[in-house]
Amino acid sequence: MKTISTLLFCISLALLAACSKEDDLGEIEDIPGLGGDTWTPGPLDHWLYDTLTVPYNIAVKYKWDQFEFELNKVLVPPKEEKVIPVMSAIKKVWINNYIEEAGLTFFKKYSPKFFILSGSASWNENGTITLGTAEGGRKVVLYLLNDFRTKDMPGYEPDDSLNVKQMFHVIEHEFGHILHQTIMYPQEFKQISTGYYTGNWNNISDAAARQDGFVTAYAMSAYDEDFVEMISMMLVEGKAGFEKIVNSIPPGTSINGMSQADARARLRRKETMVVEYFKTVWKIDFYSLQAKTRKTIDQLLY
């Protein structure tokens, strides 16, 4: 007992020596993201508040916060000068057209309320890129902001149109998820391509996927993704663009043995079911929404 008491006494003295009141611990700096960082709202913050928060209750977070993203990803913060062009374009292409077709009450009820912005894409281990995600119908994460350019922005090149359309593709895709998670699409849709869905979609080209009756390769990953990819591609590419996709399927059979006629017929069935879903469930004229969406995109790009 005496030995133990002596040992405890020595440890106590050592701790006191190591942490005396007089030790200079240096200046403790605030750590970003842990409550120590503050900023005064500027013109950009006021624009976001007046343009999106007040009328639609949508908040946009562009200040960098790694905890809003997957911690194992290397990402780049968005450039502040990109925020207004991106969100303004989203308002024109997505918000305004849905409100015109379905009404303000519909949009305010079902639209996501929180946008998180990243300057770069999010690369996955399988070599694919995540360009957007949605959580619970309330939060949307958008990537690749720093590559966004429309015809009125410095340095715009025709190839930039692909990045712009991809941004809208993500928005329409994620909003499609919100809609079908609120009211499910008909179960018959799942029967159109049963047996052709695959987890190996990332090794399949869009052209090959279309030979099996899918609008994109990602549509082959699951029933729900198939449905919202149809919505997104039809809206962003417009009627003429979708017709081009259907007509691009070559003669012959796919590697899975599907004929050209069958592949085209499956895309037509999916198109019909999407249009009918919007009409019966949401009272939205899909072809009218499609025309307005594509027209607005063309005005930004050409």
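Residues numbered from 1 in each chain as written. Predicted model: local features only at pLDDT ≥ 70, side-chain atom pairs only at ≥ 80, totals over all residues. Heavy atoms only, no water.

## A look at the overall build of the protein
When helices and strands are counted, the protein shows 10 helices and six strands. Across the 302 residues that make up the protein, the buried fraction comes to 44%. Put simply, 69% of the contacts in the protein that link residues at least 6 apart link residues at least 24 apart. (Helix = DSSP H or I, 4+ residues; strand = E, 2+ residues; numbered from the N terminus. Buried < 20%, exposed > 50% of the residue type's maximum accessible area, 1.4 Å probe, protein only. Contact = heavy atoms within 4.5 Å.)

## Things to note about the pattern of salt bridges
Any two side chains of opposite charge can pair, given that their charged atoms come close. In the structure shown here, the tally under the stated rule is nine salt bridges. The partner of Asp226 in a salt bridge is Lys270, and the shortest N-O contact between them spans 2.9 Å. With a gap of 44 residues between them, Asp226 in helix 8 (residues 223–247) and Lys270 in helix 9 (residues 260–282) connect regions that are remote in the sequence. The class of Lys270 is buried, set by a relative accessible area of 0%. The closest approach of N and O atoms between Arg268 and Glu271, which form a salt bridge, is 3.2 Å. Here Glu271 and Arg268 lie together in helix 9, a separation of three residues that amounts to about one turn. For Arg268, a relative accessible area of 29% gives the class partly exposed. A single network of salt bridges, built from pairs that share partners, joins Glu100, Glu101 and Lys292. (Salt bridge = Lys/Arg side-chain N within 4 Å of Asp/Glu carboxyl O.)

## Some points on helix 8
Think of an α-helix as turning once every 3.6 residues; residues three or four places apart then point the same way. The end-to-end C-alpha distance of helix 8 is 23 Å, clearly below the 36 Å that 25 residues give at a rise of 1.5 Å each. When the local axis directions of helix 8 are compared, the greatest deviation, roughly 115°, occurs at Gly238. (Expected span 1.5 Å × (residues − 1). Bend = angle between axes of the 7 residues up to and from the residue.)

## So, the packing of aromatic side chains
Any aromatic ring pair is given by two values, namely how distant the centres are and how the planes are angled relative to each other. With the rule as written, the count across this model stands at 20 aromatic pairs. Consider the rings of Trp94 and Phe115, whose centres lie 6.1 Å apart with planes at 65°: the pair is edge-to-face. Taken as a pair, Trp94 in helix 3 (residues 80–102) and Phe115 in strand 2 (residues 114–117) lie far apart in primary sequence, 21 residues in all. Centroid distance Tyr98 to Phe106: 6.1 Å. Interplanar angle 20°. Geometry classified as stacked. Here the two residues Tyr98 and Phe106 agree in accessibility, since each one is buried. Among the aromatic side chains, those forming a connected cluster through ring pairs are Tyr56, Trp94, Tyr98, Phe106, Phe107, Tyr110, Phe115, Phe175 and Trp282. When the ring centre of Phe214 is taken as reference, the NZ or CZ atom of Lys270 above it lies at 4.0 Å. (Phe/Tyr/Trp six-rings, centres within 6.5 Å; stacked < 30°, edge-to-face > 60°. Lys NZ or Arg CZ within 6 Å of the ring centre and 35° of its normal.)

## Things to note about the side chain of Arg210
Looking at the secondary structure, you find Arg210 in helix 7 (residues 206–210). Here Arg210 sits buried without a salt bridge, and the closest side chain of opposite charge, Asp206, lies 4.3 Å off (N-O distance). In terms of polar contacts, Arg210 uses its side chain to reach the backbone carbonyl oxygen of Val215, at 2.8 Å. With sequence-adjacent residues up to four places away left out, Arg210 is seen in contact with Val215, Thr216, Met233, Ile245, Ser248, Ile249 and Ala263. (Lys, Arg positive; Asp, Glu negative; His and termini not counted. Polar contact = N/O pair within 3.5 Å; in protein donor to acceptor, adjacent residues only side chain to side chain.)

## Quick word on the nonpolar core
Proteins that are soluble and globular tend to have nonpolar side chains buried together. With 73 residues, the main nonpolar core has Met87, Tyr98, Leu142 and Phe278 as its most contacted residues. If one sorts the elements of this core by residue count, helix 8 sits on top with 11 residues. Inspection of this core shows a minimum of three residues originating in each of domain 1 (41–157) and domain 2 (183–302). Ignoring any residue separated from it by four or fewer positions in sequence, one finds Phe278 in contact with Tyr98, Leu179, Ile231, Lys283, Ile284, Phe286 and Leu289. Of all hydrophobic cores here, the second largest spans five residues; its members include Phe69, Leu75, Val141 and Tyr143. (Core = buried A, V, L, I, M, F, W, Y, C linked by side-chain atoms within 4.5 Å. Domains from an automatic or database assignment.)

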